[in-house]
Amino acid sequence: MENEIQEANDKTTERPEKEYKDMINRLSRIEGQIRGIKGMVEKNVYCTDILVQVAAVNAALNSFNRVLLANHIKTCVTQDIKEGKEETVDELIQTLKKLMK
């Protein structure tokens, strides 16, 4: 799937080391939460307990998205607008539509 995403959009983003490490740490925690939920299902844990953990993962993903989106606007979008690449605003609008489904 990662290759499919890369093929669909050849753009890349160089991130500062601190931002990169923060993103990887957040994703690693989310990955651990997902593995925990899988374990709960395998152990037949009560549905409500699993749902609470799923809600926590959703909150973590939403937080990740907010940070990533803010960084994107502050860097990529701002730079493109300064360079006269107005199509970036349309791309941002499309991305926001997908996030708000």
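Residues numbered from 1 in each chain as written. Predicted model: local features only at pLDDT ≥ 70, side-chain atom pairs only at ≥ 80, totals over all residues. Heavy atoms only, no water.

Caption draft 1: Region of the structure containing the nonpolar core. If you look at the biggest cluster of nonpolar residues, it comprises 7 residues: Met23, Ile30, Ile37, Met40, Ile50, Val57 and Phe64. The set of elements that each furnish at least two residues to this core consists of α2 (17-42) and α3 (47-82). In terms of residue count, the dominant contributor to this core is α2 (4 residues). In contact with valine 57, other than residues within four places in its own chain, are Ile30, Gln33, Ile34 and Ile37. (Core = buried A, V, L, I, M, F, W, Y, C linked by side-chain atoms within 4.5 Å. Buried < 20%, exposed > 50% of the residue type's maximum accessible area, 1.4 Å probe, protein only. Helix = DSSP H or I, 4+ residues; strand = E, 2+ residues; numbered from the N terminus. Contact = heavy atoms within 4.5 Å.)

Caption draft 2: Summary view of a nonpolar patch on the surface. The grouping of Tyr20, Ile24 and Leu27 at the surface amounts to a nonpolar patch, some 260 Å² of accessible area in total. Mapped onto the elements of the fold, tyrosine 20 is located in helix α2. (Patch = residues over 30% accessible without salt bridge, like charges linked within 9 Å, V, L, I, M, F, W, Y side chains within 5 Å. Areas by Shrake-Rupley, 256 points an atom, 1.4 Å probe, with all protein chains shown as cover. Salt bridge = Lys/Arg side-chain N within 4 Å of Asp/Glu carboxyl O.)

Caption draft 3: Region of interest: α3. Here α3 is 36 residues long and its end C-alpha atoms lie 51 Å apart, about the 52 Å a rise of 1.5 Å per residue gives. Of all the bends in α3, the greatest, near 35 degrees, is centred on isoleucine 73. Among the residues of α3, those classed as buried are Ile50, Val57, Phe64, Val77 and Asp80. Packed against the buried residues of α3 are α2 and α4 (87-99). In the stretch just after α3, glycine 84 is the one whose phi turns positive, near 85 degrees. (Expected span 1.5 Å × (residues − 1). Bend = angle between axes of the 7 residues up to and from the residue.)

Caption draft 4: Local environment of unusual backbone geometry. Phi is positive for asparagine 44, close to 60 degrees, though the residue is something other than glycine. As for its position among the elements, asparagine 44 is in the loop between α2 and α3.

Caption draft 5: Structural view of empty space enclosed by the protein. Counted according to the given criterion, the structure contains 1 cavity of 30 Å³ or more. In this structure, the largest cavity spans a volume of roughly 30 Å³. Lining of the largest cavity is provided by Asp22, Met23, Arg26, Phe64, Val67, Leu68 and Asn71. Take the lining of the largest cavity: its biggest share by element is 4 residues, from α3. Residue composition of the lining of the largest cavity, by class: 4 nonpolar, 1 polar and 2 charged. (1 Å grid on protein atoms, 1.4 Å probe; cavity = no way out; pocket = protein on both sides within 12 Å on 5 of 7 lines; lining within 4 Å. Points joined across faces, edges and corners; volume = space filled by probe spheres on them. Nonpolar A, V, L, I, M, F, W, Y, C, P; charged D, E, K, R; others polar.)

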